[in-house]
Amino acid sequence: MRNTGSSVTVVGAGVVGIACAVHLLRDGHRVTIVDRAAPGEACSYGNAGVLASYACLPVSYPGLAWSVPGMLFRRDGALRIRWRYWPTLIPWLAMFLRAGRMDRMQASARALSFLVTGSLEQHRELARGTGVEHLLQPAPLVYAYADERALAKGMQSWNWRRPYGVAPRVVRGAELRELEPALSSRLGCAVVIDDCGYTTNPSKLVKGLAEYAQRQGATLLAREVLDMHPQPNGGMRLATDDGDILADKVVIAAGAWSAKLAARCGDRFPLEAERGYHVVLRNPGVEPRTIVGSATGKFLATPMEEGLRLAGTSEFAGLDAPPDYRRAEVLRRQARDLFPDANVDDYSQWMGQRPSLPDSLPVIGRARRHASLYYAFGHQHVGLTSAPRTGRLIADLIAGRAPNIDLAPYRADRFQR
Ligand SMILES: Cc1cc2nc3c(=O)[nH]c(=O)nc-3n(C[C@H](O)[C@H](O)[C@H](O)COP(=O)(O)OP(=O)(O)OC[C@H]3O[C@@H](n4cnc5c(N)ncnc54)[C@H](O)[C@@H]3O)c2cc1C
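Cut-offs used in this document
Residues numbered from 1 in each chain as written. Predicted model: local features only at pLDDT ≥ 70, side-chain atom pairs only at ≥ 80, totals over all residues. Heavy atoms only, no water. Pairing = 2+ DSSP bridges. Helix = DSSP H or I, 4+ residues; strand = E, 2+ residues; numbered from the N terminus. Axes fitted to C-alpha atoms, helices over the stretch in contact; angles between N-to-C directions. Contact = heavy atoms within 4.5 Å. Near = heavy atom within 4 Å. Polar contact = N/O pair within 3.5 Å; in protein donor to acceptor, adjacent residues only side chain to side chain. Areas by Shrake-Rupley, 256 points an atom, 1.4 Å probe, with all protein chains shown as cover. Nonpolar A, V, L, I, M, F, W, Y, C, P; charged D, E, K, R; others polar. Domains from an automatic or database assignment. Core = buried A, V, L, I, M, F, W, Y, C linked by side-chain atoms within 4.5 Å. Buried < 20%, exposed > 50% of the residue type's maximum accessible area, 1.4 Å probe, protein only. Buried area = accessible area lost by both parts, 1.4 Å probe. Phe/Tyr/Trp six-rings, centres within 6.5 Å; stacked < 30°, edge-to-face > 60°. Lys NZ or Arg CZ within 6 Å of the ring centre and 35° of its normal. Parallel < 35°, antiparallel > 145°, perpendicular 65-115°, else oblique. Left-handed = near helix turned anticlockwise from the far one by under 90°.

Re the sheet that holds strand 21 (residues 373–377)
Here six strands make up an open sheet; going across it, the order is 10-2-1-14-21-20 and the pairing mixed. Looking along the sheet, the strands with just one partner apiece sit at the ends: strand 10 (219–222) and strand 20 (363–366). Going across the sheet, the axis of each strand differs from the next one's by a mean of 15 degrees, ignoring polarity. Running over the sheet, helix 11 (residues 383–399) touches strand 1 (7–11), strand 14 (249–252), strand 20 and strand 21 and is turned about 170 degrees from strand 21.

Spelled out as structure tokens, the structure:
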């Protein structure tokens, strides 16, 4: 590989950090990756694995406020806010609901669509020659609705995506059964998105890419970054729990923990840990052919190496609160709504923290005050999907190449007053 002589340290070995590292290596930089844990062990471990080319709508959209009470107060609702956390969350929630105005939603959708469109192809490109290409599969998403009424209600959110190239197709009855024989016959209709894909093991994918990065010369350090100090020569000194690291350039890709580090350099971000859960049915007894979504439960079911993974739900409780596995129990209970014959007795559970900003867009760009510091975080529900594009954009910025899109929607100063 070419070597430009510039040293770049990436903080965070989740899917976003590792995608940045691989693109930077391919550009010829000397790359160091720092993470207190092994690659792909935080949020990138337990996601639904879906390369969601359709996921260009921000989480907040017009009319969402009306459905929030239903999601919050129903026993099996997809949203929870811990009582003690309400006062902390209110300013974020206000920004989040404002981001759902039609004009803002459309602006965010345009920006998100650039990051998610063609995700499977971009992942294949990223994984080429790494040895983990086989973990990527093409497959349609079958998003199932209880009945025609529910479909009619849900159709608006699919129609909002059409201007950005998403082509939802409705299937019913026998056609639906043929597409996914394992699906409950009680579910009458579904929206199908054909150009999707998934990984059969999200954590293994990240670990495989990280091993490839090391084979290409990257250094992987198991350390916690505690502080950052700009240097007179324009570089950065990272203080860690095991000594200092000097770098010409630094990329913060530390997921839900990124705002803590950015604050050390004077940038404040309203970054929330939007917690999600998964249940893996280890011997599900059913073999779905494809990715199935539940419109009622708002979760995804993905056939994976280790079993059938049901992943979703949103919980706000702060970064440090312990998991509440009753949220995962909700998913386990709802598994049989999709797959009536599923064996739900042999399972594992997990909680992860999505890095979520109120406008649902990540920060991809240079820090306000330090030319050697770059941000790549805040990918909320689509970090796996959008990691390859994010890595490419960060590599473009560091190389001084003009990216082929306007980066203004992702800029770091959009929350600063
Ligand atoms: C239930 C659920 C389902 C999901 N499903 C999907 C899906 O189907 N498709 C999709 O695209 N996305 C999905 N997501 C979202 C996706 O998983 C995240 O957006 C993505 O994993 C974020 O990746 P990341 O690299 O930014 O963060 P992470 O994977 O969290 O990585 C951040 C890393 O930074 C490290 N770190 C933090 N602070 C420090 C420090 N000070 N020093 C050293 N290291 C540090 C952490 O140890 C961690 O390894 C889902 C999320 C959840 C919770």
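A few points about the site of the ligand
Not every one of the 34 residues close to the ligand is listed here, only the nearest: Asp35, Ser44, Gln380, His381 and Thr385. The separation between an oxygen atom of the ligand and a polar main-chain atom of Gly49 is 3.4 Å. Residue Thr385 places a side-chain N or O atom 2.7 Å away from an oxygen atom belonging to the ligand. Here the ligand has 1,000 Å² of accessible area as a free molecule, and 97% of this is covered by the chains. At the level of secondary structure, the elements contributing two or more residues to the shell around the ligand comprise helix 1 (15–26), strand 15 (272–281), strand 19 (347–356) and helix 11. When grouped by side-chain class, the residues that make up the shell around the ligand number 15 nonpolar, 14 polar and five charged. Here the shell around the ligand gathers at least three residues from each of two domains, domain 1 (7–44 + 203–270 + 359–415) and domain 2 (59–115 + 134–200 + 272–356).

What to know about the nonpolar core
The nonpolar side chains of soluble globular proteins are, as a tendency, buried together. Within the largest apolar cluster, 77 residues are counted, with the highest numbers of intra-cluster contacts made by Tyr54, Leu141, Trp158, Val251 and Tyr410. For this core, the element with the highest residue contribution is helix 1, accounting for nine residues. Counting contributing residues, this core receives three or more from each of domain 1 (7–44 + 203–270 + 359–415) and domain 2 (59–115 + 134–200 + 272–356). If you look at the next biggest cluster of nonpolar residues, it comprises 26 residues, including Val171, Ala182, Tyr277 and Phe299.

Focus on the environment of Gly400
Tracing the backbone through its elements, the reader meets Gly400 in the segment after helix 11. A C-alpha to C-alpha distance of 30 Å links Gly400 and Arg354, two positions 46 residues apart in sequence.

With respect to the domain arrangement of the protein
By the assigned domains, the protein splits into domain 1 (7–44 + 203–270 + 359–415) and domain 2 (59–115 + 134–200 + 272–356). Between the C-alpha centres of domain 1 and domain 2 the distance comes to 28 Å. With 28 residues of domain 1 at the interface, the matching set in domain 2 holds 25 residues. For the pair domain 1 and domain 2, the summed buried surface comes to about 2,300 Å²; carbon and sulfur atoms form 69% of the total.

Let's talk about the packing of aromatic side chains
The full count for this structure, using the stated rule, is 12 aromatic pairs. Measuring from centroid to centroid gives 5.2 Å for Trp92 and Phe316, while their planes differ by 50 degrees, and the two rings are tilted. A residue pair is termed long-range when its members are at least 10 positions apart, and Trp92 in helix 3 (residues 86–98) and Phe316 in strand 18 (residues 307–316) qualify at 224 residues. Both residues of the pair, Trp92 and Phe316, belong to the buried class. Consider the rings of Phe269 and Phe377, whose centres lie 5.2 Å apart with planes at 85 degrees: the pair is edge-to-face. Of this pair, Phe269 sits in the loop between helix 9 (258–264) and strand 15 while Phe377 sits in strand 21; the two residues are 108 residues apart in sequence, bridging distant segments of the chain. On the basis of relative accessibility, which here comes to 10%, the residue Phe269 falls in the buried class. Judged by relative accessible area, which is 1%, Phe377 ranks as buried. Three or more aromatic residues joined by ring pairs form one cluster here, namely Tyr54, Tyr143, Tyr145 and Trp158. Lying over the aromatic face of Trp158, Arg161 brings its terminal NZ or CZ to 4.3 Å of the ring centre. Over the aromatic face of Phe114 sits the side chain of Arg389, whose NZ or CZ is 4.2 Å from the ring centroid.

Topic: the packing of helix 1 against helix 11
At a minimum axis separation of 8 Å, helix 1 and helix 11 run at an interaxial angle of 40 degrees. When the interaxial angle is binned, helix 1 and helix 11 end up oblique. Viewed along their axes, helix 1 and helix 11 form a crossing whose handedness is right-handed. Between helix 1 and helix 11, the residues in contact are Val15, Val16, Ala19, Cys20, His23 and Leu24 and Gly383, Leu384, Ala387, Pro388, Thr390, Gly391, Arg392, Ile394, Ala395 and Ile398, respectively. For the contact of helix 1 with helix 11, the residue count by class is 11 nonpolar, four polar and one charged.

Points about the pairing of strand 21
The element strand 21 is largely enclosed, with a buried count of five among its five residues. Residues Leu373, Tyr375 and Phe377 point to one face of strand 21 and Tyr374 and Ala376 to the other, with burial holding for every one of them. Where strand 14 meets strand 21, three bridges bridge the pair, whose relative direction is parallel. Each bridged residue has a counterpart across the sheet, and for Val251 the counterpart in strand 21 is Tyr374. As paired strands, strand 20 and strand 21 are joined by four bridges and run antiparallel to one another. Counterpart to Val363 in the pairing with strand 21 is Phe377.

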